[in-house]
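One letter stands for each residue in the lines below.
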Amino acid sequence: MSRIGRMPIAIPAGVTVEVAENNKVTVKGPKGTLERVLPAEMEIKVEGAAVLVSRPNDLKKMKSLHGLTRTLIHNMVVGVTDGFEKKLEVNGVGYRAAKSGKKLTLNLGYSHPVEMEDPEGVEAVVEGQNVIIIKGIDKEKVGQYAAEIRDKRRPEPYKGKGIKYADETIRRKVGKTGKK
């Protein structure tokens with residue numbers, strides 16, 4: 001039995017979970033509403049203050065969908081109560097980030113500033129000039145937007161310049177050595 005899949009998902013106070021036909025799950029909470037169509041083979045039941053996910057049989061595909069389905073619902077519940085955030089750091093001389101309205105402007109050593117628009121339901125906040133915090137209720141969108149920002153200038157291994165996640169460690173390399 002899937003260890004993650006069989007764990008019940010506790011529904012906190014102020015959160016409602018509804019399961020419609022075709023396993024369309026809608027989670028409403030203090031921060032907003034999320035809905036998602038989950039695999040139709042899984043059986044999702046709301047019992048009291050918990051959501052239970054069960055699988056029809058022990059085929060490999062069903063086993064893998066079991067844990068996934070439970071985790072997706074759990075992430076939706078956490079999203080509407082606490083929300084998700086990712087922290088990015090901009091390292092490098094002259095590298096900086098600025099925010100105006102919904103536009104994030106990054107100066108990353110290119111001949112032009114890189115401008116990015118916040119996607120629906122995701123907000124980027126700039127602290128100082130080199131810390132970007134991405135907040136939202138949908139874990140997937142928050143992670144995707146953070147990855148797109150990081151892709152504009154990935155950290156390089158020699159000086160560590162670029163955009164990195166706050167909890168990421170960059171493997172540093174030793175530079176060239178002079179001739180004797």
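The coordinates are above.
A brief structural summary. Model, not experiment: these values are computed from the prediction.

## Some words on the sheet that holds strand E10 (residues 114-117)
Thinking step 1. Taking strand neighbours across the sheet as the criterion, the three strands line up as E8-E9-E10 in an open arrangement whose pairing is antiparallel. Two strands lie at the open edges of the sheet, namely strand E8 (96-100) and E10, each paired on one side alone. With direction set aside, neighbouring strand axes in the sheet form an average angle of 20°.
Thinking step 2. As paired elements, strand E9 (residues 103-107) and E10 share four bridges and run antiparallel to each other. Bridged to Lys-103 within E10 is Glu-117.
Thinking step 3. Running over the sheet, helix H2 (residues 139-151) touches E9 and E10 and is turned about 170° from E10.

## Brief notes about the packing of aromatic side chains
Thinking step 1. Applying the stated rule across the entire model yields zero aromatic pairs.
Thinking step 2. One cation-aromatic arrangement involves Lys-86 over Tyr-165; the distance from NZ or CZ to the ring centre is 5.3 Å.
Thinking step 3. A cation over an aromatic ring shows up here: Arg-153 above the ring of Tyr-110, its NZ or CZ 4.4 Å from the ring centre.

## Quick look at the pairing of strand E4 (residues 32-37)
Thinking step 1. Both strand E3 (residues 24-29) and E4 contribute to a ladder of six bridges, which runs antiparallel. Bridged to Lys-24 within E4 is Val-37.

## Looking at the side chain of Lys-164
Thinking step 1. Mapped onto the elements of the fold, Lys-164 is located in strand E13 (residues 162-165).
Thinking step 2. Classification of Lys-164 by relative accessible area gives buried; the value is 12%.
Thinking step 3. In this structure the side chain of Lys-164 is engaged in a polar contact, spanning 3.3 Å, whose partner is the backbone oxygen of Glu-168.
Thinking step 4. Excluding its chain neighbours within four sequence positions, the residues that come into contact with Lys-164 are Lys-87, Leu-88, Glu-89, Asn-91, Pro-155 and Ile-170.

## Notes on the environment of Leu-38
Thinking step 1. Residue position: Leu-38 is located in the loop between E4 and strand E5 (43-47).
Thinking step 2. For the pair Leu-38 and Val-80, spaced 42 residues apart in sequence, the C-alpha to C-alpha distance is 18 Å.
Thinking step 3. Once residues lying within four places of it in the same chain are set aside, the contact partners of Leu-38 are Asn-22, Asn-23, Val-25, Ile-44, Thr-69, Leu-72 and Ile-73.

## Re helix H1 (residues 60-81)
Given 3.6 residues to a turn, an α-helix orients residues that are three or four positions apart in the same direction.
Thinking step 1. Relative to the 32 Å expected for 22 residues at 1.5 Å per residue, H1 spans 33 Å between its end C-alpha atoms, a close match to the ideal helical length.
Thinking step 2. Residue Gly-83 follows H1 closely and has a positive phi angle near 85°.

## Some remarks on the sheet that holds E4
Thinking step 1. Here we have three strands laid out as an open sheet, ordered E2-E3-E4, and antiparallel in their pairing. The sheet is open, and its two borders are formed by strand E2 (16-20) and E4, each paired with just one other strand. Neighbour to neighbour, the strand axes of the sheet diverge by 15° on average, direction disregarded.
Thinking step 2. Taken together, the five bridges between E2 and E3 define a ladder with antiparallel strand orientation. Within E3, the position partnered with Ala-20 by the bridge is Lys-24.
Thinking step 3. Docked against the sheet, H1 engages E2, E3 and E4, running at close to 170° with respect to E4.

## Some remarks on the pairing of strand E6 (residues 50-54)
Thinking step 1. In the sheet, strand E1 (residues 9-10) pairs with E6 via two bridges, with the strands oriented antiparallel. Looking at the pairing, Ile-9 lines up with Val-51 of E6.
Thinking step 2. Across five bridges, E5 lies against E6 in antiparallel orientation. Each residue of the ladder has a partner; that of Glu-47, found in E6, is Ala-50.

## Some points on the nonpolar core
One broad trend across soluble globular proteins is that nonpolar side chains are buried collectively.
Thinking step 1. One finds Val-17, Val-25, Val-27, Ile-44, Val-51 and Ile-73 to be the most contacted residues of the largest nonpolar core, which totals 20 residues.
Thinking step 2. Looking at this core, the elements that each hand over two or more residues are E3, E6 and H1.
Thinking step 3. Tallying contributions element by element places H1 first for this core, with seven residues.
Thinking step 4. Counting 19 residues, the second largest nonpolar core, distinct from the first, contains Val-90, Ala-97, Ile-134 and Ile-163.

Thresholds, definitions, all that
Residues numbered from 1 in each chain as written. Predicted model: local features only at pLDDT ≥ 70, side-chain atom pairs only at ≥ 80, totals over all residues. Heavy atoms only, no water. Pairing = 2+ DSSP bridges. Helix = DSSP H or I, 4+ residues; strand = E, 2+ residues; numbered from the N terminus. Axes fitted to C-alpha atoms, helices over the stretch in contact; angles between N-to-C directions. Contact = heavy atoms within 4.5 Å. Phe/Tyr/Trp six-rings, centres within 6.5 Å; stacked < 30°, edge-to-face > 60°. Lys NZ or Arg CZ within 6 Å of the ring centre and 35° of its normal. Buried < 20%, exposed > 50% of the residue type's maximum accessible area, 1.4 Å probe, protein only. Polar contact = N/O pair within 3.5 Å; in protein donor to acceptor, adjacent residues only side chain to side chain. Expected span 1.5 Å × (residues − 1). Core = buried A, V, L, I, M, F, W, Y, C linked by side-chain atoms within 4.5 Å.

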